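Below, each chain spelled out in residue letters.
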Amino acid sequence: QVQLVESGGGLVQPGGSLRLSCVASGNIFSIDAMGWYRQAPGKERELVATITHEGLRNYADAVKGRFTISRDTWNTVNLQMSNLKPEDTAVYYCNMRQFGNGDDWGQGTRVTVSS
């Protein structure tokens, strides 16, 4: 089994910043990509950002220029979020995909952007 543990969510005012972190552990053999997805109330889960094992980054249009995804170590992924907007309010989920395996997901961390 794989465990993904997120941290860093919380309440922030519009225009503020937050940093999300995710640590993966367990049966990890070869990571293809890690990333972040989010699900707002009443909406489907959507991609926020991903980063491949080669360091290629992909961002949703809604967060380009405001969010930055990075990997500090082989089993962590971070999401630096700046200039946050109320529409960024959601539960953010860490995702990991290994070669030959399906997706693993964290439990989610809630981000609320409100004044």
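Residues numbered from 1 in each chain as written. Predicted model: local features only at pLDDT ≥ 70, side-chain atom pairs only at ≥ 80, totals over all residues. Heavy atoms only, no water.

1. Describing the sheet that holds strand β1 (residues 2–7)
Read across the open sheet, the four strands follow the order β1-β3-β8-β7; overall the sheet is antiparallel. Two strands in the sheet have a free side with no partner beyond their single neighbour: β1 and β7 (67–70). Here the strands of the sheet are splayed against their neighbours by 15° on average, with no regard to which way each runs. As defined by bridge partners, strand β3 (residues 18–26) adjoins strand β8 (residues 76–81) across six bridges and the pair is classed as antiparallel. Counterpart to Leu18 in the pairing with β8 is Met81. (Pairing = 2+ DSSP bridges. Helix = DSSP H or I, 4+ residues; strand = E, 2+ residues; numbered from the N terminus. Axes fitted to C-alpha atoms, helices over the stretch in contact; angles between N-to-C directions.)

2. Examining unusual backbone geometry
Positive phi outside glycine occurs at Asn83, with the angle close to 50°. Using a relative accessible area of 42% as the deciding quantity, one classes Asn83 as partly exposed. (Buried < 20%, exposed > 50% of the residue type's maximum accessible area, 1.4 Å probe, protein only.)

3. Focus: the packing of aromatic side chains
All told, the structure shown has one aromatic pair when counted by the stated rule. Above the plane of the ring of Tyr93 lies Arg45, whose end atom (NZ or CZ) is 3.8 Å from the centre. The residue whose ring lies beneath Arg45 is Trp105, and the NZ or CZ to ring-centre distance is 4.6 Å. (Phe/Tyr/Trp six-rings, centres within 6.5 Å; stacked < 30°, edge-to-face > 60°. Lys NZ or Arg CZ within 6 Å of the ring centre and 35° of its normal.)

4. So, the side chain of Ser70
With respect to the element layout, Ser70 can be found in strand β7. Residue Ser70 is classed as buried on the basis of its relative accessible area, which comes to 18%. Excluding its chain neighbours within four sequence positions, the residues that come into contact with Ser70 are Arg19, Ile51, Arg57, Thr76, Val77 and Asn78. (Contact = heavy atoms within 4.5 Å.)

5. Section: the nonpolar core
Among the nonpolar cores identified, the biggest contains 30 residues, and Trp36, Leu79, Met81 and Tyr92 are the most heavily contacted of them. Once residues within four sequence positions are removed from consideration, Leu79 is found in contact with Leu18, Arg19, Leu20, Trp36, Val48, Ala49, Phe67, Thr68, Ile69 and Tyr92. (Core = buried A, V, L, I, M, F, W, Y, C linked by side-chain atoms within 4.5 Å.)

6. Section: the pairing of β8
Among the six residues of β8, five are classified as buried, and the element is accordingly described as predominantly covered. Relative to β8, β7 is paired through four bridges, and the arrangement is antiparallel. Looking across to β8, one finds that Ser70 is bridged to Asn78. From the end of β7 to the start of β8, which pair antiparallel, there are five residues.

7. Re the pattern of salt bridges
Taken as a whole and judged by the stated rule, the model has six salt bridges. Its salt-bridge partner being Arg38, residue Asp88 comes within 3.0 Å of it at the nearest N-O pair. With Asp88 in the loop between β8 and β9 (90–98) and Arg38 in strand β4 (residues 31–39), this residue pair connects regions lying 50 residues apart in the sequence. Taking relative accessible area as the criterion, Asp88 reaches 1% and is therefore assigned buried. The closest approach of N and O atoms between Asp61 and Lys64, which form a salt bridge, is 3.1 Å. Three or more residues are tied together by salt bridges with common partners; here these are Arg38, Glu46, Arg66 and Asp88. (Salt bridge = Lys/Arg side-chain N within 4 Å of Asp/Glu carboxyl O.)

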